[in-house]
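What the coordinates show
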Amino acid sequence: MSGGRLDVIWSPVHHDKFIIWGPDITLYEVARIKEIEKKTTFTPISSTRGATIIASQSASGVRCVDISAIPEQPEPLLALGYTSGKVALTTLKQTYDPLGLVGREFTSRYQRLCNSVSWSHVETNMLAVAMEKHRSDHCILLWDVNRGSSPADEARGTDSAHSPADPSKPLAEMGLSEAAHNVAWSNCSNRTLLASMNLKYIKIFDLRDLSNKAVSVTTSRHCYGVCADPFNPWQLASRGEGAVCVWDARSFDRPVLTLLHHKPVAHVQWCPTRRNLLLSLQRDSATLRLHDIQQANNNAIDNMLAATAVEAELEEYSRGPSVLEREVSPGAGAGGAAAGRGRGGAPIAAFSWHPAHEARLLAVYASGMIADYTVCERVTVAWGCGGGGGGGGLVWTGAGGTLRLMRDDFYAAIRDISYVMRRRATTDYGLKSDLWQNADLADDDALSGLWHFMALSKSLVEDGCIRGSPWRHPGVRGVLRSAGEGGYRSEAVPSLLPDLPARRVTVFRSGERTRALHLCGWGWGWDNAAAGVERAEAEGTPCRAAAIAAFHLKLRAALDVLARAHEPQLRVVGLALAGLSEERLWREALAAGAPALPDAYLRALLHFLAASAPAHPAHHAAPAAQPDLSAVLNETEMRLEDRVAFACIFLSDAKLHEYVKHTCDQLVEQGDLSGILLTGTCFLIYTSILYYYKYKTEKLANLY
Amino acid sequence: MGELTASNMFESETICADHKDLIHDVAYDFYGERMATCSSDQYVKVWDSDGRGGWRLSASWKAHHGSVWKVTWAHPEFGQVIATCSFDRTAAIWEEVGDAASSGSEKGLHTWLKRSNLVDSRTSVTDVKFGPKHLGLLLVTCSADGIIRIYEAPDVMNLAQWTLQHEIPTKVSISCLSWNPSLSRVGNPPMLAVGSDEPNTSNAVANVPSDKGTACNGKVFIYEYSETSRRWTRTECLSSVQEPVNDIAFAPNLGRSFHLLAVATKDVRIIKLEPLA
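Here the structure is a predicted model, which means the values were calculated and not measured. (Residues numbered from 1 in each chain as written. Chains lettered and ligands numbered in written order. Predicted model: local features only at pLDDT ≥ 70, side-chain atom pairs only at ≥ 80, totals over all residues. Heavy atoms only, no water.)

A closer look at the packing of aromatic side chains
- Taken as a whole and judged by the stated rule, the model has 19 aromatic pairs over all chains.
- When the centroid spacing of 5.8 Å and the interplanar angle of 85 degrees are considered together, the rings of tyrosine 429 of chain A and tryptophan 451 of chain A count as edge-to-face. Taken together, the positions of tyrosine 429 of chain A in the loop between α6 (417–426) and α7 (435–442) and tryptophan 451 of chain A in helix α8 (residues 445–462) put the pair 22 residues apart, joining distant regions of the chain. A single burial state applies to tyrosine 429 of chain A and to tryptophan 451 of chain A, both of which are buried.
- Taking the centre distance of 5.0 Å and the plane angle of 90 degrees together, the rings of phenylalanine 30 of chain B and tyrosine 31 of chain B count as edge-to-face.
- Under the relative-accessibility criterion, tyrosine 31 of chain B is labelled partly exposed at 40%.
- Counting every residue linked through ring pairs, the aromatic cluster contains Trp522, Phe551, Phe608, Phe646 and Phe650 of chain A.
- Against the face of tyrosine 82 of chain A rests lysine 86 of chain A, its NZ or CZ located 4.8 Å from the ring centre.
- The ring of phenylalanine 258 of chain B has lysine 272 of chain B lying over it, and the distance from NZ or CZ to the ring centre is 4.4 Å. (Phe/Tyr/Trp six-rings, centres within 6.5 Å; stacked < 30°, edge-to-face > 60°. Helix = DSSP H or I, 4+ residues; strand = E, 2+ residues; numbered from the N terminus. Buried < 20%, exposed > 50% of the residue type's maximum accessible area, 1.4 Å probe, protein only. Lys NZ or Arg CZ within 6 Å of the ring centre and 35° of its normal.)

This is how it looks when you write it as structure tokens:
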């Protein structure tokens, strides 16, 4: 028994269990690390999975192990081959044993080393055993485990050893006075056993008729570890000192492929989940080598279409398959501490493909680290164009010859512009004759605001409210311009706040300002402000309603709105408003409290009232300097139209123009669509705002 | 997209394509109503949308003698045409003929005929792409030995005749390529991007002197066609990409003043190519 030996085998039946076989044989169970109970010690095998030890026993004297594929077994059933030539069945954990197999032993006539055991995965009761040479005995024994002797039988059964029905006699014996190093069942076809023999032969035994065992033989130095491709009954692989050979059992004279390696090959196994994928491990290597065997001449004759056209080519293909190779290092991908130890450092001692999970394998490093690894293949992704009824999804190649498809509705969740545009197009977005109808279709606040503005300004032009505009959709700037240029002066009206007699403000009025207010949606007029307040309240924005009322100097209405509000917080604000005074205490409390208010309109409201001048200096000299309303005007969380309307009421001509111009420039630069309120559809500014907007969002196509 | 990721938000559905081996490529047609898949099982399958979100197999045939790496649709203006390329060193042009051939079990399956077989490559043909429609009916292939071949069908009605217009040796193994789909001919000559999957270990091979005479060990090369010299020349080597390239794709050009190229290595990079003024 070699001391440093380490091997790993997945149970073919229990997909979450594997054994590691070194000085001890240990049975592990794999689970997601999240699901492993706390305080249980486990070995991390990947970033998400861990393995817990279920059972363990000494492997003293054991030379070979295989796990049975008998589906009834509650725990993996192991066949252990000993140095004495004995083969024993065992489960590492005491469990229910439905078939009564645990403890059965199979012994050869003469004592010698047992080299290999192999369970058939097709007829799960078949167990093949490979032995060292003995001059008067066979080296390969085939047992039917259901007929094997239990320990109890053995005590009394030795004398009847030669009766035909004798349970202690193997079903078949092969290789008289030969040595077998390795046996393996082909899991594709029935009862085909592969064996590596006498350091130079590969033999294939056809055991369908036990009385007439057909054998095919080939001679090769690379005869070890022969194993069969689970997908192709003819394809075998074997390993040797510096090469892996791929064989076609139908032309067994020479290997179809010889894949050279620098170092002796320690293990070779076909991937059980993917065709033509062979994995090999070189001794003292930290990586595994994948051989993707490309067949270029499979069933060429079947292809009737190409039969004549490609005759010439076929000659070339008949040179046989070739191979795409790559190296994988399973430990490098494992998370955390495992990665550090795996990379470059310790060599891999053994690996085992998972019997069912796509391209998953387990590698054991000489250091004892275990790495759970899945061989990745290139995944191709394709986008469909949104066209047809079912099209437009995202598709990618999945495992096992499947496609994964995502319907195009997921674009809606990420608000992908192409999806939004397509949906708009199918609802005639932009084509509705009533402009506001487009707003509903836009399903986007900025855009629907734009459509509402367009509808409003169009109707104002049509009603004759705004005249002489060169554009169909004039903006505030266009409407106000005439005032600045034409020498109109707005009428400044000092006003008192009806409910706060100690306060006064100056209100500016002119025809242009009225029209601008109309554009801002404040078309209700000075005397009819209650309508606007009601509308804002009905929209569920009590703060805005209160602010509008206050900006129309109807403080009582504002307080009423706040008192009616659902949130108690707002009623508290009402308290603060009512307490308005010149007291320093109140002012300081305001300065501290206002920024904390959640709503921009409330802040604006407080700032507006605080800025209103006290009434008593009125009879001092000239009208007091303009109150500082910048706190309100810079409250950018307020809607632009409300800010502009506020400016149109309370700013003097010069300041108003400056404010509008400044805000307009700012919005154009930001590509903010709401800026069209100011610009209107004046071509130059309008296009530049769209340019910036498109630059920002690449949404140009939304607009028209 | 913020915190949304495909895995935790969206369900994907699985189509059992019934390929016997790994699927290497899947491609939508121009309208997104048909899909073609190709696999190591040497088969190509075509799937049609049923208009209600489902997909139905409409054709399946053994297209090559080796793994089929890529499949790609021609613009529908040229008919229902796909091109495939394979480990068997060929690329093939397929055209759908007639309507559903209704015979027994084959009912509802369409027939695709091999119109042409491009056999110039001596090694595995790793990618195949039709050129942008405005350039005519062009096809480009690349192979593991690093030769890019550009074919043209002089008569778009005759898919059997393809002339090899250009053969561009690159000296590195080419795994993938992409046409720049930009429509503008002015200032945007026909452009191809190719990616190499040459492993990084063999430095000697990877150091390919570019046409400008400077060594570049990038893995992505840009080729442009010069109308005056009637040649494709390497105009750029993206030295920022050092890892083997698995796939490469230009973004559709939506009136941008630059090109966007996505490069898949171990990760994905989006590279902005700005034409020199």
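So that's the structure; there's more coming.
Details of the packing of α7 of chain A against α8 of chain A
Residues and elements named next belong to chain A.
- Taken N-terminus to C-terminus, the directions of α7 and α8 make an angle of 175 degrees; their axes are 8 Å apart at the nearest point. As the angle between them shows, α7 and α8 are arranged roughly antiparallel. For the pair α7 and α8, the contacting residues are Leu435, Trp436, Asn438, Ala439 and Ala442 in the first and Leu447, Ser448, Trp451, His452, Met454, Ala455 and Lys458 in the second.
- Looking at side-chain class alone, the contact of α7 with α8 contains eight nonpolar, three polar and one charged residues. (Axes fitted to C-alpha atoms, helices over the stretch in contact; angles between N-to-C directions. Parallel < 35°, antiparallel > 145°, perpendicular 65-115°, else oblique. Contact = heavy atoms within 4.5 Å. Nonpolar A, V, L, I, M, F, W, Y, C, P; charged D, E, K, R; others polar.)

What to know about the confidence of the model for chain B
All names here are of chain B.
- Residues of chain B with pLDDT of at least 70 account for 85%, and the chain-wide mean is 84.
- Within the model, pLDDT remains below 50 along residues 1–8, and this stretch shows seven contacts once partners closer than five positions in the same chain are excluded.
- Taken together, the stretch residues 202–214 has pLDDT below 50 and engages in 21 contacts with residues farther than four places along the chain or on a different chain. (pLDDT = per-residue confidence, 0-100.)

Focus on the packing of helix α13 (residues 555–564) of chain A against helix α14 (residues 568–578) of chain A
All names here are of chain A.
- For the pair α13 and α14, interaxial distance at closest approach is 7 Å and the crossing angle is 155 degrees. Taken together, the axis directions place α13 and α14 in an arrangement best described as roughly antiparallel. The handedness of the crossing between α13 and α14 comes out as left-handed. Between α13 and α14, the contacting residues are Leu559, Leu562 and Ala563 on the first element and Leu570, Arg571, Val573, Gly574, Leu577 and Ala578 on the second.
- Among the residues forming the contact of α13 with α14, the class breakdown is seven nonpolar, one polar and one charged. (Left-handed = near helix turned anticlockwise from the far one by under 90°.)

Overview of the UniProt feature "repeat: WD" (unreviewed entry) in chain B
- According to UniProt, the feature "repeat: WD" (unreviewed entry) maps to residues 16–48 of chain B in the numbering used here.
- With 0% helix and 58% strand, the stretch residues 16–48 of chain B has end C-alpha atoms that lie 14 Å from each other. (UniProt positions renumbered as here; feature names shortened; annotations may be inferred.)

Describing the sheet that holds strand β10 (residues 114–119) of chain A
Residue and element names in this part refer to chain A.
- Here four strands make up an open sheet; going across it, the order is β10-β11-β12-β13 and the pairing antiparallel. The open sheet terminates on both sides in strands that have one partner only, identified here as β10 and β13 (172–176). Going from strand to strand, the sheet's axes swing by 15 degrees on average, the running direction of each strand aside.
- Relative to β13, strand β12 (residues 138–144) runs antiparallel, the two being bridged by four bridges. Following the sheet pairing, isoleucine 140 is matched in β13 by methionine 174. (Pairing = 2+ DSSP bridges.)

Digging into unusual backbone geometry
- A positive phi is found at aspartate 284 of chain A, a non-glycine position, where the angle reads about 60 degrees.
- You can see aspartate 284 of chain A is positioned in the loop between β23 (277–282) and β24 (288–294).
- Since its relative accessible area comes to 57%, aspartate 284 of chain A is described here as exposed.
- In the Ramachandran plot, aspartate 18 of chain B falls in the positive-phi region, its phi being about 60 degrees despite a non-glycine side chain.
- Of note, aspartate 18 of chain B is situated in the loop between β1 (13–16) and β2 (23–28).

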